[in-house]
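This is what each chain is made of:
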Amino acid sequence: MGVPTRVRLRRAIIPAGSNGRSVISTPIRALLAVALALVLTGVVGVHPTDAQERARRRPTRPLADHVVLIGFDGFDPDYLSRAPTPNIDHLARRGALGTTEGPAQSVTNPSFATLATGAWPDTTGNVAYVYDRTTGSYRGQSRALAVPTIAEAVRDQGGTVGSAQYFILQDHGVTYGDPEALYTQPGGPCSRRFDDAIAMVEQRRVSSAGAEVTVPRIPQLLAVYCDALDTIGHADGAESALIPGALVDLDAQVGRLVDALERVGIADRTAIVLTGDHGMTSFARTFGPELIAQLAVRGLEATDLVIEAQPGWAASDLPVLAPPDGRHGSTGESQATFLISGAGVRTRPSDARVSVDHIDIAPTIAHLLGIDPPSASEGRVRFSLVEVVNLDRPR
């Protein structure tokens, strides 16, 4: 199965008929009109000039001694306007706020795989909900990775890593029970994941698969993951009345972690990178069963088409339990919230929103830490966001 390095989808709209049902049951010409053409833009890699520029501008010492990587699943950029977030706002004033764009298939595991490696899904090998013709089966989500992560890059270059349920790093730079590359998965609410992250910052014992472990050093890279926004979005839609309260709690957790960094005296030497993996949109109607039936009549399979639905619709074969529900997976949800702040980060005007790609996150973290990026990284260091000081040669 070949998956292009970067697939750009030309969006087609599936209209609704006067009776509120999709018009998918019209003749084959109408059915084919909703298919999306796959426009392959070629391999997106690091050009030699990019690599030369990165080497030329690499600092002779780390810009940050530590980087905290926070992943909030389903953190749609629109959410920030719905509740007060004083801790996130404080960080934004000391850095930059904006959006990060992921793969066209805006699904959690492939998106986090790209964030962690700096590589597109055809390089990471992490794709989901696709038909694998070599095995004759559909592939769901997994934590499989064919290339190294930023955690592995840190470990290979002598640093330590901690991960509080930042799941895509498990066995890819962190593992249960390893004090210098520690993975924990406490489950439960977001506060429990931040409890573990704070315990690592304060070098207190933390439970890792039942073993009590104390990190010997504050991790050079510390990652923490929460899925509260994604859970609410799927259950109640992107406009859920529960989103503001969840966002207030997530902001409080960020504040707890920043307070811990200050208590141990490393706040001024730590950079914080916070991202979502994808956005979220709402739908109240689906046409999946009808689509599959019409394809079968014409001797086609769903694997022959890539389809994006009109807003308010989904191509799901599952019923809408309590409309609206929330969806992601299309280009319409490929953008997520992005924040970078702290040591080594330039301060930008509060109204100057930035835009990056998922593939840029890992190389930029590596630059802040003064190390080489993951070996398969296809992204670039966002030099506009980081300090350009103490270089090995003049600009």
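This text follows the structure it describes.
Residues numbered from 1 in each chain as written. Predicted model: local features only at pLDDT ≥ 70, side-chain atom pairs only at ≥ 80, totals over all residues. Heavy atoms only, no water.

Draft legend 1. Just helix H9 (residues 243-263), in detail. Relative to the 30 Å expected for 21 residues at 1.5 Å per residue, H9 spans 30 Å between its end C-alpha atoms, a close match to the ideal helical length. Along H9, the residues that are buried comprise Ile 243, Ala 246, Leu 247, Leu 250, Asp 251, Gln 253, Val 254, Gly 255, Leu 257, Val 258, Ala 260 and Leu 261. If you follow the buried residues of H9, they end up packed against strand E3 (66-72), helix H3 (86-93), helix H7 (190-201), strand E11 (221-226), helix H8 (228-236) and strand E12 (270-275). Gly 265, located one to two residues past H9, shows a positive phi value of around 80°. (Helix = DSSP H or I, 4+ residues; strand = E, 2+ residues; numbered from the N terminus. Expected span 1.5 Å × (residues − 1). Buried < 20%, exposed > 50% of the residue type's maximum accessible area, 1.4 Å probe, protein only. Contact = heavy atoms within 4.5 Å.)

Draft legend 2. View of H7. Taking 1.5 Å per residue, 12 residues should reach 16 Å; H7 reaches 17 Å between its end C-alpha atoms and fits that length. Within H7, nine of the 12 residues are buried, which leaves it mostly tucked inside the rest of the structure. Along H7, the residues that are buried comprise Cys 190, Arg 193, Phe 194, Asp 196, Ala 197, Ile 198, Ala 199, Met 200 and Val 201. Check the buried side of H7 and you find it contacts E3, strand E7 (161-164), strand E8 (181-184), strand E9 (206-208), E11 and H9. Immediately beyond the C-terminal end of H7, within one or two residues, lies Gln 203, with a positive phi of roughly 55°.

Draft legend 3. Expanded view of the nonpolar core. Core analysis: the biggest nonpolar cluster contains 44 residues, and Ile 70, Phe 72, Phe 75, Tyr 79, Phe 194 and Leu 257 have the highest contact counts within it. Only E3, H3, H7, E11, H8, H9 and E12 provide two or more residues apiece to this core. The dominant element in this core, judged by the number of residues it contributes, is H9, at nine residues. The contact partners of Phe 75, leaving out residues within four places of it in the chain, are Leu 80, Leu 229, Leu 247, Leu 274, Gly 276, His 278, Ala 336 and Thr 337. Grouped together as the second largest cluster of nonpolar side chains are 43 residues, Leu 63, Leu 115, Val 273 and Ala 343 included. (Core = buried A, V, L, I, M, F, W, Y, C linked by side-chain atoms within 4.5 Å.)

Draft legend 4. Up close: the sheet that holds strand E4 (residues 95-101). Here eight strands make up an open sheet; going across it, the order is E8-E7-E11-E3-E12-E16-E4-E17 and the pairing mixed. Strands at the two margins of the open sheet, each flanked by one partner only, are E8 and strand E17 (354-357). Each strand of the sheet is rotated relative to its neighbour by a mean of 15°, with strand direction disregarded. Lying over the sheet, H7 contacts E3, E7, E8 and E11, oriented at roughly 170° with respect to E11. In the packing of H9 onto the sheet, contacts are made with E3, E11 and E12, and the angle to E3 comes to roughly 170°. (Pairing = 2+ DSSP bridges. Axes fitted to C-alpha atoms, helices over the stretch in contact; angles between N-to-C directions.)

Draft legend 5. Quick look at the pairing of E12. Most of E12 sits inside the fold, with six of its six residues counted as buried. In the sheet, E3 pairs with E12 via six bridges, with the strands oriented parallel. From the neighbouring strand, Val 67 faces E12, where its bridge partner is Ala 271. Examined bridge by bridge, E12 and strand E16 (residues 335-342) share five bridges and lie antiparallel to one another. Bridge pairing in E16 links Ala 271 to Gly 342.

Draft legend 6. Spotlight on the packing of aromatic side chains. All told, the structure shown has seven aromatic pairs when counted by the stated rule. The interplanar angle of 80° and the centroid separation of 5.0 Å between the aromatic rings of Phe 167 and Tyr 225 together place this pair among those described as edge-to-face. Separated by 58 residues along the polypeptide, Phe 167 in the loop between E7 and E8 and Tyr 225 in strand E11 bring together distant segments of the chain. When its relative accessible area of 7% is taken as the criterion, Tyr 225 is described as buried. Consider the rings of Tyr 176 and Tyr 183, whose centres lie 5.2 Å apart with planes at 65°: the pair is edge-to-face. A residue is classified by how much of its surface remains accessible, and Tyr 176, at 35% relative accessible area, is partly exposed. (Phe/Tyr/Trp six-rings, centres within 6.5 Å; stacked < 30°, edge-to-face > 60°.)

All we've got here are geometric facts, nothing functional implied.
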